[in-house]
Amino acid sequence: MSSAGEKLNLLISDSVLDGSFRKAVFSKPVEKTSTGPSRIDVRPVMLKGGVKLQVTRRVGAQEFHENVDTKEGVALMQRFAGVVFRDVHYGTSAEKWIARHSRKGKCTLTRGKSADRPPESNTSHNRNRKHLIPDGEPCPFLIATGIMSANGRVRAKHYAKFRQINRYVEFIHDILDRLPADDTINVVDFGCGKSYLTFATHHFFQNVCGRQVSITGLDRRQDVVETCNGIVRELGLENIHFTVGDIADFQSAGQVHLTISLHACDTATDDALAAAVAWGTDVILAVPCCQHELSTQLPKNHLPLFSGHGILHDKFSSLATDAIRAGLLECAGYETRVMEFIDMEHTAKNLLIRAIKRTGVDTATTGHGREQMQVFCQQFSIPPLRLQQKLEEYHLL
Ligand SMILES: C[S@@+](CC[C@H](N)C(=O)[O-])C[C@H]1O[C@@H](n2cnc3c(N)ncnc32)[C@H](O)[C@@H]1O
């Protein structure tokens with residue numbers, strides 16, 4: 001091996017060992033085939049078990065990700081350089097190197113210009129502090145949905161959507177330790193619609209966190225389900241599929257660890273919550289949408305001060321319904337928080353109900369919660385709502 005080749009191998013092993021490695025891009029395959037990768041990117045990611053190297057193989061329009069331990073990653077990169085690919089762009093925290101291999105295998109290694117400085121520290125999958133799914137790195141579902149261009153840059157006009165998606169995955173990030181660490185995480189997304197956030201969930205678990213995930217997206221609209229399954233096929237994604245059906249009738253084949261329901265209409269949210277509790281799902285993330293149940297049942301004059309102000313009546317009904325939902329989830333054994341959800345373009349429905357299954361049931365707390373709810377419902381003449389009816393029907397309260 002030439003001295004430049006040896007120097008490159010040393011650079012690879014030393015930089016991975018001392019933690020200064022940032023990113024490597026291998027391109028110009030030595031042998032071009034339609035089935036082999038045209039490019040491979042490698043970068044460090046911080047996972048639960050420590051630093052791993054994420055290897056992304058691009059084959060045609062598809063990308064395949066794999067996380068390997070650092071030793072295996074070093075051996076892979078040393079083989080990619082020269083044996084599998086002619087060109088290598090290699091970045092450490094301090095400098096950037098470019099290696100080119102001639103047809104005869106001769107290696108030349110040059111230091112990159114300062115303008116080509118490597119990206120800042122990225123050993124955490126939270127490497128871009130604001131974005132768990134970073135701008136600047138090709139992300140297949142964002143490219144397929146037009147949010148990113150093929151080179152990984154977020155298109156300016158889609159930046160708001162990109163930020164929403166990242167804000168959303170932060171909610172998932174916050175509950176990671178409440179989900180199985182080594183087994184497949186089973187997720188059901190009720191009322192998935194066009195499924196930006198369902199694809200984001202899949203990408204985040206699988207490619208950013210290196211976790212095994214299996215996601216079912218359910219929607220009663222056949223057209224959106226067909227579109228989503230088309231994206232799955234186009235990207236060659238595994239362990240994510242979409243199915244047509246009504247939330248109230250859905251039967252899960254196995255244990256569901258995370259149940260998501262974002263902006264499912266009216267009482268569909270209650271059907272989603274009831275199903276999740278019945279399954280004993282570990283975490284529930286629900287953003288209720290339009291609310292008609294209580295609004296139509298409450299007498300318009302239930303609060304004299306609201307008379308003649310329909311909007312206040314509706315807002316009160318929505319808030320009361322969400323407070324009761326949170327209270328019922330507490331009574332059913334979930335630690336529940338209502339938080340502000342991401343700022344969506346077309347909806348003011350912006351409350352996220354996050355419920356995490358308690359490990360032990362604290363009867364004093366649930367008893368107190370139940371009492372508070374009863375007092376509240378009596379005070380405002382609120383009848384038992386759909387979620388309560390369902391939980392009682394399933395003997396879950
Ligand atoms: C406003 S979209 C939200 C889509 C997606 N979850 C999001 O937040 O971007 C609501 C979706 O829920 C679906 N949906 C509403 N009620 C449903 C039900 N009972 N069963 C299945 N899907 C339902 C609708 O068809 C629609 O696609």
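Residues numbered from 1 in each chain as written. Predicted model: local features only at pLDDT ≥ 70, side-chain atom pairs only at ≥ 80, totals over all residues. Heavy atoms only, no water.

Draft legend 1. Geometry of the sheet that holds strand β9 (residues 213-219). Judged by pairing direction, the sheet is mixed, and its 7 strands sit side by side in the order β10-β9-β8-β11-β12-β14-β13 without closing on themselves. Only two strands of the sheet have a single neighbouring strand rather than two, namely β10 (240-244) and β13 (334-340). The sheet shows a mean angle of 15° between the axes of neighbouring strands, taken without regard to direction. Inspection of the sheet shows strand β12 (residues 283-287) paired to strand β14 (residues 351-357) by 4 bridges, in the antiparallel sense. When the sheet's bridge partners are listed, Ile284 is paired in β14 with Ala355. Strands β8 (185-190), β9, β10 and β11 (258-262) of the sheet are contacted by helix α5 (residues 196-208), whose axis makes an angle of about 175° with β9. (Pairing = 2+ DSSP bridges. Helix = DSSP H or I, 4+ residues; strand = E, 2+ residues; numbered from the N terminus. Axes fitted to C-alpha atoms, helices over the stretch in contact; angles between N-to-C directions. Contact = heavy atoms within 4.5 Å.)

Draft legend 2. Structural context of the domain arrangement of the chain. In terms of domain boundaries, the chain breaks down into domain 1 (3-116) and domain 2 (167-393). Listed per partner, the contact involves 6 residues of domain 1 and 11 residues of domain 2. Of the roughly 630 Å² buried where domain 1 meets domain 2, counting both sides, 45% is carbon and sulfur surface. Sort the elements by how many residues they give to the side of domain 1 that touches domain 2 and strand β4 (residues 62-68) lands first, with 3 residues. A breakdown of the residues in the side of domain 1 that touches domain 2 according to their chemical character gives 1 nonpolar, 4 polar and 1 charged. (Domains from an automatic or database assignment. Buried area = accessible area lost by both parts, 1.4 Å probe. Nonpolar A, V, L, I, M, F, W, Y, C, P; charged D, E, K, R; others polar.)

Draft legend 3. Inspection of the confidence of the model for the chain at higher detail. When pLDDT is averaged across the chain, the result is 88; 92% of the residues are at 70 or more. Of all the helices and strands in the chain, helix α10 (residues 363-379) carries the lowest mean pLDDT, 83, while β8 carries the highest, 98. Counting interchain partners and residues more than four positions distant, the pLDDT-below-50 stretch residues 114-129 has 30 contacts. (pLDDT = per-residue confidence, 0-100.)

Draft legend 4. Inspection of the pairing of β9 at higher detail. Counted residue by residue, β9 has 6 buried out of 7 residues, so it is predominantly covered. Note: β8 against β9, 6 bridges, orientation parallel. Its bridge partner being in β9, Asp189 is matched across the sheet by Gly217. The pairing of β9 with β10 spans 5 bridges and is classified as parallel. The residue bridging Leu218 from the neighbouring strand is Thr243, located in β10. Between the parallel elements β9 and β10, the chain passes through helix α6 (residues 222-235) in a crossover that is right-handed. (Buried < 20%, exposed > 50% of the residue type's maximum accessible area, 1.4 Å probe, protein only. Right-handed = clockwise from strand over helix to strand, strands pointing away.)

Draft legend 5. Representation of the packing of helix α1 (residues 3-18) against helix α2 (residues 70-84). At a minimum axis separation of 10 Å, α1 and α2 run at an interaxial angle of 160°. Taken together, the axes of α1 and α2 lie roughly antiparallel to each other. Crossing geometry of α1 relative to α2 is assigned as right-handed. Contact residues: Leu8, Asn9, Ile12, Ser13 and Val16 in α1; Thr70, Val74, Met77, Gln78 and Ala81 in α2. Considered class by class, the residues forming the contact of α1 with α2 number 6 nonpolar, 4 polar and no charged. (Parallel < 35°, antiparallel > 145°, perpendicular 65-115°, else oblique. Left-handed = near helix turned anticlockwise from the far one by under 90°.)

Draft legend 6. Here's a closer look at the packing of aromatic side chains. Applying the stated criterion across every chain yields a total of 15 aromatic pairs. Ring centres 5.8 Å apart and planes at 75° place the aromatic pair Phe306 and Phe316 in the edge-to-face group. Linking Phe306 in the loop between α8 (293-297) and α9 (310-331) with Phe316 in helix α9, this pair joins segments that are 10 residues apart in sequence. Neither Phe306 nor Phe316 differs from the other in exposure class; each is buried. Taken together, the ring pairs in this structure connect Phe306, Phe316, Phe376 and Phe380 into an aromatic cluster. Sitting over the face of the ring of Tyr196, Lys161 holds its NZ or CZ atom 4.4 Å from the ring centroid. (Phe/Tyr/Trp six-rings, centres within 6.5 Å; stacked < 30°, edge-to-face > 60°. Lys NZ or Arg CZ within 6 Å of the ring centre and 35° of its normal.)

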